[in-house]
Structures are given as structure tokens and as C-alpha cells.
Amino acid sequence: MRAVSCQLAKFPFVRCSRSDCMPGQGLKRLWTLPIDPKKENANLKVLQWNVLADGLAQNGDFVKVTQQALCWSYRAEKLLQLILEPQPDIVCLQEVNRYGDCLLPAMEKHGYTGAFFCKPCSPAEQYGAPCDGCALFYRSDRFDLCAEPQGQTFKAMDGSAGNQGMLMVHLFDRHSNTPICAATTHLKAKKAGQANDAIRDRQITQLMSELKRGLSVHTDESIAASGSRTLQGSSQRPLIFLCGDLNTTPDSSTCQLIARDPLQLRSSWDSYCSAVHRSGMQDQQPFSTWKFRSDGEWKRTIDYVWYSVDDRLQLVSHWQLPSEAAIGATGLPTLDLPSDHIALCCSFSIAK
């Protein structure tokens, strides 16, 4: 299925004055001490972020957050600043619903090509906002697109189309002469519980099957895009980057299904704490979302960068998470961090 867009609707967001809504410089994200890659290797940065859909921000029951921090005219510029700050090569986003009128034209101006797949039924629409979905951007001057981007919804138990899905893009990296499969997803939300856990397990099982199917179909196309037949066998296997908001913690059955799959993927969280400790940075229990709602405080690790366990690929450095003190007592979003999720970014080294 092709990645599809949805018609953009006019949305009466909460307005604020121009002086109030001008983004500041914000928090400076630091990198963990890098593991030195070989100089001849290619560096690749992958960014993952649930950006908090317009409409859901203003109606998300963020009880400690000011209206200014939820205002789209403020958040739009701040989101773009933070996405571009680490100069990522691949960007995976969820809860995107200002794609055509905001993110795509802005990212294209900075040299990126984008794809978008929206949910069949978005909760943002009940507030008059555009439907949200997953977006994926990649550097136009580095990657060749090997096939049409594929967007697909997950199926429910009865075989009908569900409301969550995935977006997959097959690329050829000219810097490392390597095929790459990048995918982004947003799994079933709501609290942990047997029913919701089972839904997420079913969704990730479908996603992993779709990845395997896509890899088998598009490997030959990756070879063709390279303009060379010199790469053979295992050296031509695409490297996989799977990013998303899985709405579940690293010890969940959903994450175990990914870790045990024959595709052999590893989570960046596996090495995050040791990287922070090695760098002499402030150590804290990792979390990727922290918010206060009327039903209480929610602080969890539910966002991920999964990558291939492969001799050609090495995770070199992580973007350090902001501390609780840096975020402040209101939780997320803030004026400096315009989503209820924290952006993750990983720097990789790829053998040429």
C-alpha cells in the first residue's frame, strides 16, 4: 500500500500573541561520549520522536502545562528546531498531523524527502484538527529511494483494518554503499493490561512480518539502485532501523517479540545507561515521556530506536535525555520541549 496523506482541515488552535509565542534557544541536548568508529566508516544519525499532534496537545489534559506551551504557532517552529538540531539523516515521527502545510515544506527546504501515512480514524479529528499519522524523512542528497514508501494498517482479530499502522521506506545509502530499510510505527495506546498488551503484541508481530516481506521483495531493487552488482550475499542485506512509540516498556512482551525475532534487532536502550555512565553525565532512570494528567503522573520509557545486529553497524553515541530538573515540575510539554515525548537520536557508524 502506498503512503497516503489526508486532507488538511482548518483548526482553531489556541492563539497567543507573537511576542509570547516566539521560541527561545531552549535546552541544549548533549551527546554521550562516542565510541571511536573507524575513520573510513560512514556516520549516520537516526532521530525518533512522537511530536504530539496539534489538537491533541490543546485537549490532552496536561494539567500543569501552560496554554502557551500547547499553542501550535509556538510549537511548530520549536519542533522543527529540535528535529534539525542534531542534523539527522533519517527522521521517524509519530502523531504528525501538520504534514502537508508545515513539516513537509519546511523539511524539503532543509534538503529532506518525506513520506506520510495517516490513521484511518484519528482522535485529533474530534477537535477539528487534521488526522495524524506516521512520517519519515531522509536526506535527499544521501539516499536513493528504492521503492514506493509503504504504509499499512494493522489488522484486528477479526481481520478488519485497525487504527494503528506503520510506514516503511527502502533506501540506498550512497555514503556507505549500503541498502537500508527504515520503518516507523505508533502502536496501540492506553495503559498496560492483558487486552491492550495482546493488541500491541499482535501489531508488532504483523509489523515484523511486513518487514521480512518487504526485505525479500526489495533487496534486488536496492542492488539496482546502487548502480553496482559488486555487493553479494550477506554484505547486501539491508540494515534495518525500526523507530516508534510502542506504548509499552522495555520489559514488555512486545519488546521481547522484537528482540527474539530472526531479524535480529537491538534496542538503543540496551546501551544507553552504560553510555551515560561512561560519559560522566548525570545518571537517572531513563524515561521518554513524563506528563501530569487529571488521573495522575505518567513517566515511562515507551519510545524506541531498534537497529540491526550486524558487523557493519555500530551504535556510536546517544543524545542524552534531559533531566527531571531541566524539564521542570510541570512535566511535558514545556516551552523548550514541545511534546509530551522526548526526542531520541542515535549516531551510528556504517562500514563502507
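Note that the structure is a prediction, hence the values are computed from the model and not measured.

A. The environment of Met-168, seen in detail. Turning to its location among the elements, Met-168 is positioned in strand S7 (residues 161-173). Among the residues examined, Met-168 registers a relative accessible area of 1% and is labelled buried. Separated by 13 residues in the primary sequence, Met-168 and Cys-181 place their C-alpha atoms 7.1 Å from one another. When neighbours within four sequence positions are excluded, Met-168 is seen to be in contact with Pro-149, Gln-150, Cys-181, Ala-182, Ala-183, Glu-210, Leu-211 and Gly-214.

B. Just the packing of helix H2 (residues 72-84) against helix H3 (residues 99-109), in detail. Packing of H2 against H3 leaves a shortest axis separation of 11 Å and a crossing angle of 35°. Where H2 crosses over H3, the handedness of that crossing is right-handed. Taking contact as the criterion, the partners of Trp-72, Ala-76, Leu-80, Ile-83 and Leu-84 in H2 are, on H3, Cys-102, Leu-103, Ala-106 and Met-107. Classifying every residue of the contact of H2 with H3 by side-chain character gives nine nonpolar, no polar and no charged.

C. Structural detail: the packing of aromatic side chains. Summed over the entire model, instances satisfying the criterion amount to 10 aromatic pairs. On the basis of an interplanar angle of 70° and a centroid distance of 6.0 Å, the ring pair of Phe-287 and Trp-290 is categorised as edge-to-face. An aromatic cluster is built from Tyr-99, Phe-116 and Phe-137, whose rings are joined through pairwise contacts. Of note, Arg-29 hangs over the ring of Trp-319, and the distance from its end group to the ring centre comes to 4.3 Å. The lysine or arginine in question, Lys-299, covers the ring of Phe-287, its NZ or CZ lying 5.3 Å from the ring centre.

D. Here's a closer look at the nonpolar core. With 86 residues, the main nonpolar core has Ile-90, Leu-93, Phe-137, Leu-211 and Phe-348 as its most contacted residues. Ranked by residue count, the leading element in this core is H2, at seven residues. Residues within four places of Leu-211 in sequence aside, it is in contact with Met-168, Cys-181, Ala-183, Ile-240, Leu-242 and Leu-263. Ranked by size, the runner-up nonpolar core spans 10 residues in total, among them Phe-62, Ala-69, Ala-124 and Ala-129.

E. Molecular detail of helix H6 (residues 269-278). Among the residues making up H6, those that are buried are Trp-269, Tyr-272, Ala-275 and Val-276. The buried residues of H6 occupy an angular sector of 100° when the element is viewed end-on, so they sit on one face. Residues of H6 that are exposed and point over 90 degrees away from its buried face: Asp-270 and His-277. At its buried positions, H6 is contacted by strand S10 (265-267), strand S13 (303-308), strand S14 (313-318) and strand S15 (344-350). With its phi angle positive at about 70°, Gly-280 sits one or two positions after the end of H6.

F. Structural detail: H3. What H3 keeps buried is the set Tyr-99, Cys-102, Leu-103, Leu-104, Ala-106 and Met-107. Projected down its long axis, H3 carries its buried residues within an arc of 165°, all on one side. Next to the buried residues of H3 lie H2, strand S2 (90-96), strand S3 (112-118) and strand S4 (133-139). In the segment just after H3, Gly-111 is the residue with positive phi, at about 90°.

G. Region of the structure containing the sheet that holds S15. Strand order in the open sheet formed by six strands is S3-S4-S2-S1-S15-S14, and the pairing between neighbours is mixed. The open sheet has two edge strands with one neighbour each: S3 and S14. The average undirected angle you get between the axes of adjacent strands in this sheet is 20°. Relative to S4, S2 runs antiparallel, the two sharing five bridges. Each bridged residue has a counterpart across the sheet, and for Cys-92 the counterpart in S4 is Leu-136. The strands that H2 touches are strand S1 (42-50), S2 and S3; relative to S1, the one it contacts most, it runs at about 150°.

H. Seen up close, the environment of Gln-48. Tracing the backbone through its elements, the reader meets Gln-48 in strand S1. Gln-48 gets classed as buried once you look at its relative accessible area, which sits at 0%. Discounting residues that sit within four places of it in the chain, Gln-48 has contacts with Cys-92, Gln-94, Cys-243, Gly-244, Asp-245, Asp-303, Tyr-304, Val-305, Ile-342, Ala-343 and Leu-344. A distance of 2.7 Å separates polar atoms of two side chains, one belonging to Gln-48 and the other to Gln-94.

Rules of the game
Residues numbered from 1 in each chain as written. Predicted model: local features only at pLDDT ≥ 70, side-chain atom pairs only at ≥ 80, totals over all residues. Heavy atoms only, no water. Helix = DSSP H or I, 4+ residues; strand = E, 2+ residues; numbered from the N terminus. Buried < 20%, exposed > 50% of the residue type's maximum accessible area, 1.4 Å probe, protein only. Contact = heavy atoms within 4.5 Å. Axes fitted to C-alpha atoms, helices over the stretch in contact; angles between N-to-C directions. Left-handed = near helix turned anticlockwise from the far one by under 90°. Nonpolar A, V, L, I, M, F, W, Y, C, P; charged D, E, K, R; others polar. Phe/Tyr/Trp six-rings, centres within 6.5 Å; stacked < 30°, edge-to-face > 60°. Lys NZ or Arg CZ within 6 Å of the ring centre and 35° of its normal. Core = buried A, V, L, I, M, F, W, Y, C linked by side-chain atoms within 4.5 Å. Arc of directions from axis to C-beta. Pairing = 2+ DSSP bridges. Polar contact = N/O pair within 3.5 Å; in protein donor to acceptor, adjacent residues only side chain to side chain.

Bear in mind that shape data such as this cannot, by itself, settle questions of function.
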